[in-house]
Protein chains: 2
Amino acid sequence: MTLRPKLHEVSRVAGVSLATVSRVLNAKPGVASETRQKVLATLADLGYREPVQSARTGVVAIVTPELDNPIFPALAQTIEARLARYGLLTMVCPATSDTVGEQEYLDHFAETRAAGVVVVNGRYAAFDIGFDSYVQLMRRSIPVVLVNAVAGECPVPAVAVDIASGGEMAVHHLANMGHTRIGVLVGPRRYTSTLQLLEGYETAMAGLGLAVDDDQVSETLFTVEGGRAGVAKLIEAGVTGVICGGDLMALGAIEGLRARRLDTPADMSVVGFDGTDLISHTDPPLTSIRQPVDRMAASVAWLLRNQDSAETAATGVHLFQPDLVIGRTTGRVPV
Amino acid sequence: MTLRPKLHEVSRVAGVSLATVSRVLNAKPGVASETRQKVLATLADLGYREPVQSARTGVVAIVTPELDNPIFPALAQTIEARLARYGLLTMVCPATSDTVGEQEYLDHFAETRAAGVVVVNGRYAAFDIGFDSYVQLMRRSIPVVLVNAVAGECPVPAVAVDIASGGEMAVHHLANMGHTRIGVLVGPRRYTSTLQLLEGYETAMAGLGLAVDDDQVSETLFTVEGGRAGVAKLIEAGVTGVICGGDLMALGAIEGLRARRLDTPADMSVVGFDGTDLISHTDPPLTSIRQPVDRMAASVAWLLRNQDSAETAATGVHLFQPDLVIGRTTGRVPV
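Everything numeric in this text was worked out from a predicted model, so none of it was measured.

## A few points about the sheet that holds strand β10 (residues 287-290) of chain B
Residues and elements named next belong to chain B.
Here comes step 1: Spatially, β7-β6-β8-β9-β10-β12 is the arrangement adopted by the six strands of the open sheet, whose pairing is mixed. The strands lining the two open edges of the sheet, one partner per strand, are β7 (217-219) and β12 (323-325). Strand-to-strand, the axes of this sheet are offset by a mean angle of 20°, without reference to chain direction.
Here comes step 2: Note that strand β6 (residues 182-186) and strand β8 (residues 241-244) share four bridges and pair parallel. When the sheet's bridge partners are listed, isoleucine 182 is paired in β8 with glycine 241.
Here comes step 3: Its contacts with the sheet put helix α10 (residues 247-259) on β6, β8, β9 (269-274) and β10, and the angle it makes with β9 is roughly 160°.

Here it is in structure tokens:
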């Protein structure tokens, strides 16, 4: 049995070009998923037994910020597992300003005709950037899903944790333990996620009739160092409980307190955001607003696979409610 | 100025096909790095001013185990930063037995003619697997570098932390604080890294004239759960200090001790392995054998870029000495 006549036959029966049959057999990109399935089915029908080099139907890129923050590998790994069930090969692309930027990855996957692109906390997270790069990908028939840090009017399918709601939960948790001087440690205000956390915080404080002064809000970077530096202003302001925009920031805040011989939670309660597995091993175990990573990943995979065209895509933000995981960094207000 | 005549001119001057010029301009894969550089130089010489879609000279895959263990994102991110300096676009591929396997990624990057493949703790880590898949990639002129868990006779360029030496350092650290009943918590024995840790441990123990009984060695999984379960045997055996094959395992051991109302380090000292940034935030901060991730990443990038052919590649293991980072999980032997 020779290969070539067989391939011609497959091409004829499946009604696709010989080049397409060859691409499927060699697991090359550039073949629509349906066409690929048709070719594979025809091959099976015709008793083709040459090993198909990969059963994967396409490549999906997950473009993330740097992998140092454990929420990003956690999201990427969970989304990867979901996409694998759909027969997709996932590549995680850590876009950083120092190394390779997001747009370079987007261009690469547009050129290589990826089966989809997932962008986690991408450049769009700064609300002055907009969504043009992603809309352009969709117009080129590449499905796109954005994850987190998106606002309501998003022209691209998006999945996000409800940060404002998380902020409200954290305020109520602290208020229930007697705190009234509650502060926030947030990232730069040009990020959507910062505005959302502030919104939830301010709504909940107003609802409880608690005042919010400017000195209760400390703007810093989303890192351990950012938290360490940013907590100083809140100590000065007499804040007794702080809600942080990220877990690494919260660990930094605890370090900053410790450096001033202040204890968590005796002197100041600290709430993180993200709630990766890390938090159960920190000193003390961190109270955190946890992203429902599994449910979000399932939704990302679904939105990606059911995106037929830019026109019919389920655009807008699919919001997920976070959980409050209570560790040992929050306690009663100091007397 | 029109584009097409220009491309013909570039093709003629650079001595490459028109298709190759087009591939370079469109940042498509399948062009050797040298050819790409020649085309880009020719384009510049001829005053070609159309935007080149990407200055990247190729794609490198970093195939890693699941990203849940923070050492893998840390290694991947650091290697990515080094490769970006060489103009390479890096993709991190989390190969897991449940989702997409290592070989599927290797096949994909062979087909798409990657500029290189880095495999971190790959299937070769089990010493009965061998190196055939990687040698085959090299024969297809795709540079390969392996990271960690390799033995001495490796036919592929490899970079690894000296695990045996790390094990010796840890034994000496514990012995210096009066410990004589020192144990190890290791991964499955089919992994090279397990044998290397045991070798360092046994060498150091023998050098100090300390006995090693079977019940001082506990074999378990490289996870928090593995550490939690595996420490039980060592408690039974009256071990007062334990060296673990990974940091997650060490965190699990501390949890297992705590569940039995035993304190770290008062009742048992615990040493981890990997030493990612995580360890300074754990409860208590973990003593750990730290991999010199920055130096290893620089070496990986160098070996990848200077690999001209399978025949002349700098095969064999380039060993890196770890550091012992002393946290607060190790202390004097209990009296």
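On we go from here.
## Quick word on the interface of chain B and chain A
Here comes step 1: Listed per partner, the contact involves 43 residues of chain B and 42 residues of chain A.
Here comes step 2: Contact between chain B and chain A buries roughly 3,500 Å² in total, counting both sides, with carbon and sulfur atoms accounting for 57%.
Here comes step 3: Interface area lost by chain B to chain A is led by B:Gln77, B:Glu111 and B:His281, which between them contribute 19%.
Here comes step 4: In this assembly, chain B and chain A are joined by zero salt bridges.
Here comes step 5: Counting residues per element, the side of chain B that touches chain A draws most heavily on strand β2 (residues 88-94) of chain B, which supplies seven residues.
Here comes step 6: Taken together, the residues of the side of chain B that touches chain A sort by class into 21 nonpolar, eleven polar and eleven charged.

## So, the state of the cysteines
Here comes step 1: What the rule picks out here adds up to zero disulfides over all chains.
Here comes step 2: Left without a disulfide partner, A:Cys93 is nearest to the cysteine sulfur of B:Cys93, which lies 8.1 Å away.

## Overview of helix α7 (residues 163-176) of chain B
Residues and elements named next belong to chain B.
Here comes step 1: Over its 14 residues, α7 extends 20 Å from the first C-alpha to the last, a length consistent with the 20 Å expected when each residue adds 1.5 Å.
Here comes step 2: Considered for burial, the residues of α7 that qualify are Ile163, Ala164, Ser165, Gly166, Gly167, Ala170, Val171, His173 and Leu174.
Here comes step 3: Directly beyond the C-terminal end of α7, a positive phi value near 90° is found at glycine 178.

## Remarks on the relation of the copies chain B and chain A
Here comes step 1: Turning chain B through 180° and shifting it by 0.0 Å along the axis lays it on chain A, with an RMSD of 0.2 Å. The transformation just described matches what one would write down for a two-fold rotation axis.
Here comes step 2: Mapped onto chain A, 98% of the interface residues of chain B again fall at the interface, so both copies present the same surface.

## Quick look at the packing of aromatic side chains
Here comes step 1: The full count for this structure, using the stated rule, is eight aromatic pairs over all chains.
Here comes step 2: Where A:Tyr124 meets A:Tyr134, the ring centres are 5.5 Å apart and the plane angle is 80°; that geometry is what we call edge-to-face. With a gap of ten residues between them, A:Tyr124 in the loop between β3 (116-120) and α6 (132-139) and A:Tyr134 in helix α6 connect regions that are remote in the sequence. When sorted by exposure, A:Tyr124 lands in the same class as A:Tyr134, which is buried.
Here comes step 3: Consider the rings of B:Tyr124 and B:Phe131, whose centres lie 6.0 Å apart with planes at 25°: the pair is stacked.
Here comes step 4: Looking at B:Tyr124, the relative accessible area reads 2%, which means it is buried.
Here comes step 5: Look at B:Phe131 and you get buried, because its relative accessible area is 19%.
Here comes step 6: Ring pairing ties together the aromatic residues A:Tyr124, A:Phe131 and A:Tyr134, which thus form one cluster.
Here comes step 7: Above the ring of A:Tyr191, the side-chain terminus of A:Arg190 is found at 5.8 Å from the ring centroid.

## Overview of the packing of helix α4 (residues 71-85) of chain B against helix α11 (residues 293-305) of chain B
All names here are of chain B.
Here comes step 1: Remark: α4 packs on α11, axes separated minimally by 8 Å, with the N-to-C direction vectors making an angle of 50°. When the axis of α4 is compared with that of α11, the two are oblique. Every pair of crossing elements has a handedness; the one defined by α4 and α11 is right-handed. Of α11, the residues touching α4 (which contributes Ile71, Ala74, Leu75, Thr78, Ile79, Arg82 and Leu83) are Val293, Asp294, Ala297, Ala298, Val300, Ala301 and Leu304.

## Thoughts on the packing of helix α7 (residues 163-176) of chain A against helix α8 (residues 192-207) of chain A
All names here are of chain A.
Here comes step 1: The interhelical angle for the contact between α7 and α8, taken along N-to-C directions, is 40°, at an axis separation of 7 Å. In terms of their interaxial angle, α7 and α8 are classed as oblique. In terms of crossing hand, the pair formed by α7 and α8 is right-handed. For the pair α7 and α8, the contacting residues are Ile163, Ala164, Gly167, Glu168, Val171 and His172 in the first and Ser193, Gln196, Leu197, Glu199, Gly200, Tyr201, Thr203, Ala204 and Met205 in the second.

## Comments concerning the environment of B:Tyr105
Here comes step 1: Relative to the helices and strands, B:Tyr105 resides in helix α5 (residues 102-111).
Here comes step 2: When the C-alpha atoms of B:Tyr105 and B:Pro94 are compared, they prove to be 9.1 Å apart, with eleven residues separating the residues in sequence.
Here comes step 3: Discounting residues that sit within four places of it in the chain, B:Tyr105 has contacts with A:Glu80, A:Leu89, A:Thr90, B:Val63, B:Cys93, B:Pro94, B:Ala95 and B:Val100.

## Brief notes about the side chain of A:His173
Here comes step 1: Structurally, A:His173 is set in helix α7.
Here comes step 2: Those residues within four positions of A:His173 in sequence are excluded, and the remaining contacts are A:Thr287, A:Leu324, A:Ile326 and A:Thr330.

## Quick word on the pattern of salt bridges
Here comes step 1: This structure, assessed with the given rule, holds 14 salt bridges over all chains.
Here comes step 2: One salt bridge connects A:Asp128 with A:Arg190, and the closest N-O pair in it is separated by 3.5 Å. Placement of A:Asp128 in the loop between β3 and α6 and of A:Arg190 in the loop between β6 (182-186) and α8 is noted, with a sequence separation of 62 residues between them.
Here comes step 3: Judged by relative accessible area, A:Arg190 falls into the partly exposed class, the value being 40%.
Here comes step 4: For the salt bridge of B:Arg290 with B:Asp323, the shortest nitrogen-to-oxygen distance reads 3.7 Å. Separated by 33 residues along the polypeptide, B:Arg290 in strand β10 and B:Asp323 in strand β12 bring together distant segments of the chain.
Here comes step 5: According to the relative accessible area criterion, B:Arg290 is partly exposed, its value standing at 36%.
Here comes step 6: Owing to a relative accessible area of 31%, B:Asp323 belongs among the partly exposed residues under this scheme.

## Brief notes about the nonpolar core
Here comes step 1: Core analysis: the biggest nonpolar cluster contains 86 residues, and A:Val118, A:Tyr201, A:Ile243, B:Val118, B:Tyr201 and B:Ile243 have the highest contact counts within it.
Here comes step 2: Setting aside residues no more than four positions away along its own chain, B:Ile243 makes contact with B:Gly167, B:Ala170, B:Val171, B:Leu174, B:Ile182, B:Gly183, B:Val184, B:Leu185, B:Leu197, B:Tyr201, B:Val271 and B:Ile289.

Definitions and limits used
- Residues numbered from 1 in each chain as written.
- Chains lettered and ligands numbered in written order.
- Predicted model: local features only at pLDDT ≥ 70, side-chain atom pairs only at ≥ 80, totals over all residues.
- Heavy atoms only, no water.
- Pairing = 2+ DSSP bridges.
- Helix = DSSP H or I, 4+ residues; strand = E, 2+ residues; numbered from the N terminus.
- Axes fitted to C-alpha atoms, helices over the stretch in contact; angles between N-to-C directions.
- Contact = heavy atoms within 4.5 Å.
- Buried area = accessible area lost by both parts, 1.4 Å probe.
- Salt bridge = Lys/Arg side-chain N within 4 Å of Asp/Glu carboxyl O.
- Nonpolar A, V, L, I, M, F, W, Y, C, P; charged D, E, K, R; others polar.
- Disulfide = S-S within 2.5 Å.
- Expected span 1.5 Å × (residues − 1).
- Buried < 20%, exposed > 50% of the residue type's maximum accessible area, 1.4 Å probe, protein only.
- Least-squares fit on C-alpha atoms with pLDDT ≥ 70 in both.
- Phe/Tyr/Trp six-rings, centres within 6.5 Å; stacked < 30°, edge-to-face > 60°.
- Lys NZ or Arg CZ within 6 Å of the ring centre and 35° of its normal.
- Parallel < 35°, antiparallel > 145°, perpendicular 65-115°, else oblique.
- Left-handed = near helix turned anticlockwise from the far one by under 90°.
- Core = buried A, V, L, I, M, F, W, Y, C linked by side-chain atoms within 4.5 Å.

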